[in-house]
Amino acid sequence: MTSKTPIHLTINGHRHELQVEPRVTLLDALRDHLGLTGTKKGCDQGQCGACTVHVDGQRVLACLTLAAQAAGRSITTIEGLAEGDGTLHAVQAAFLEQDAFQCGYCTPGQIMSAVACIREGHAGTDDEIREYMAGNLCRCGAYPHIVAAVRQAATEVAS
Ligand code: FES
Ligand code: FES
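Residues numbered from 1 in each chain as written. Chains lettered and ligands numbered in written order. Predicted model: local features only at pLDDT ≥ 70, side-chain atom pairs only at ≥ 80, totals over all residues. Heavy atoms only, no water.

To continue, consider the overall build of the protein chain. If you tally the helices and strands in the protein chain, you get 5 helices and 5 strands. When the helices and strands of the protein chain are read in sequence order from the N terminus, they spell out β-β-α-β-β-β-α-α-α-α. By the compact-globule yardstick of 15 Å for 159 residues, the protein chain fits well, its C-alpha radius of gyration being 16 Å. Its C-alpha atoms give the protein chain principal-axis dimensions of roughly 50 × 30 × 25 Å. The buried share of the protein chain, taken over its 159 residues, is 42%. When contacts within the protein chain are restricted to residue pairs at least 6 apart in sequence, long-range pairs at least 24 apart make up 53% of them. A total of about 8300 Å² of accessible surface is found on the protein chain, and carbon and sulfur atoms cover 49% of it. (Helix = DSSP H or I, 4+ residues; strand = E, 2+ residues; numbered from the N terminus. Rg over C-alpha atoms; globule rule 2.2 N^0.38 Å. Buried < 20%, exposed > 50% of the residue type's maximum accessible area, 1.4 Å probe, protein only. Contact = heavy atoms within 4.5 Å. Areas by Shrake-Rupley, 256 points an atom, 1.4 Å probe, with all protein chains shown as cover.)

With respect to the helices and strands, Lys-40 occurs in the loop between helix 1 (26-33) and strand 3 (52-55). For the buried Lys-40, no salt bridge exists, and the shortest N-O distance to an oppositely charged side chain is 7.0 Å, to Glu-79. Of the polar contacts made by the side chain of Lys-40, one reaches the backbone oxygen of Thr-37; its length is 2.8 Å. Not counting chain neighbours up to four residues away, the residues in contact with Lys-40 comprise Leu-27, Arg-31, Ala-50, Cys-51, Tyr-105 and Pro-108. (Lys, Arg positive; Asp, Glu negative; His and termini not counted. Salt bridge = Lys/Arg side-chain N within 4 Å of Asp/Glu carboxyl O. Polar contact = N/O pair within 3.5 Å; in protein donor to acceptor, adjacent residues only side chain to side chain.)

Judged by pairing direction, the sheet is mixed, and its 5 strands sit side by side in the order 2-1-5-3-4 without closing on themselves. Strands with a single pairing partner mark the edges of an open sheet, and in this sheet they are strand 2 (14-20) and strand 4 (58-61). Pairwise comparison of adjacent strand axes, ignoring direction, gives a mean angle of 40° for this sheet. Bridge analysis of strand 3 against strand 5 (residues 74-76) gives 2 bridges, and the strand direction is antiparallel. The residue bridging Val-55 from the neighbouring strand is Ile-75, located in strand 5. Along the sheet, helix 1 makes contact with strand 1 (5-11), strand 2, strand 3 and strand 5, crossing strand 2 at roughly 100°. On top of the sheet, helix 3 (residues 107-119) reaches strand 3, strand 4 and strand 5; it is set at about 45° to strand 3, its chief contact. (Pairing = 2+ DSSP bridges. Axes fitted to C-alpha atoms, helices over the stretch in contact; angles between N-to-C directions.)

Of the positions making up helix 1, those classed as buried are Leu-26, Leu-27, Asp-28, Ala-29 and Leu-30. Where helix 1 ends, the next residue or the one after it, Gly-35, has phi of about 70°, a positive value.

Looking at where Asn-136 falls in the secondary structure, it is placed in the loop between helix 4 (126-132) and helix 5 (143-158). Residues within four places of Asn-136 in sequence aside, it is in contact with Cys-48, Gly-49, Thr-52, Gly-109, Gln-110, Ser-113 and Tyr-143.

Here the focus is helix 2 (residues 90-97). Of all the residues in helix 2, the buried ones are Val-91, Gln-92, Ala-94 and Phe-95. Along the axis of helix 2, the buried positions cluster into a sector of 165°, meaning they face one direction only. Where the residues of helix 2 are buried, they touch helix 3 and helix 5. Directly after helix 2, the chain includes Asp-99, whose backbone phi takes a positive value near 55°. (Arc of directions from axis to C-beta.)

So, in structure tokens, the structure goes:
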């Protein structure tokens, strides 16, 4: 039997204490232990990007990150992107306006990845957006609309 250890996670500005086995991933900690189900599990092997969150502002795959590795760092999930008053983040609004999703399962990861992609300065051209968003799969084939949404949001953020 594996013993559980206490860890503190700061998620969307709130500090959480949980008891988890060391093998628990950040993805499972978010979904199963904290009820933050916006972050999705499409593969659990680092191949789809549905689990993308930010750790200290960088996009990471939560399925390949142990919860313990994220302890003491600042985690942002899709639930923490909008303003406190409900105003959507520019990327969220752009995804709605550009119809950049269909089933919505890849969307939280796409949006978290897009926010980081823009912040990294990798949204200069459509080709660059396609390349730097390639880690996020969408089986609904929303890619052209996703590129349009990222382009729109990047323009808005820059202005
Ligand atoms: S669930 Fe993490 S990359 Fe697919
Ligand atoms: S919107 Fe369905 S997988 Fe992307």
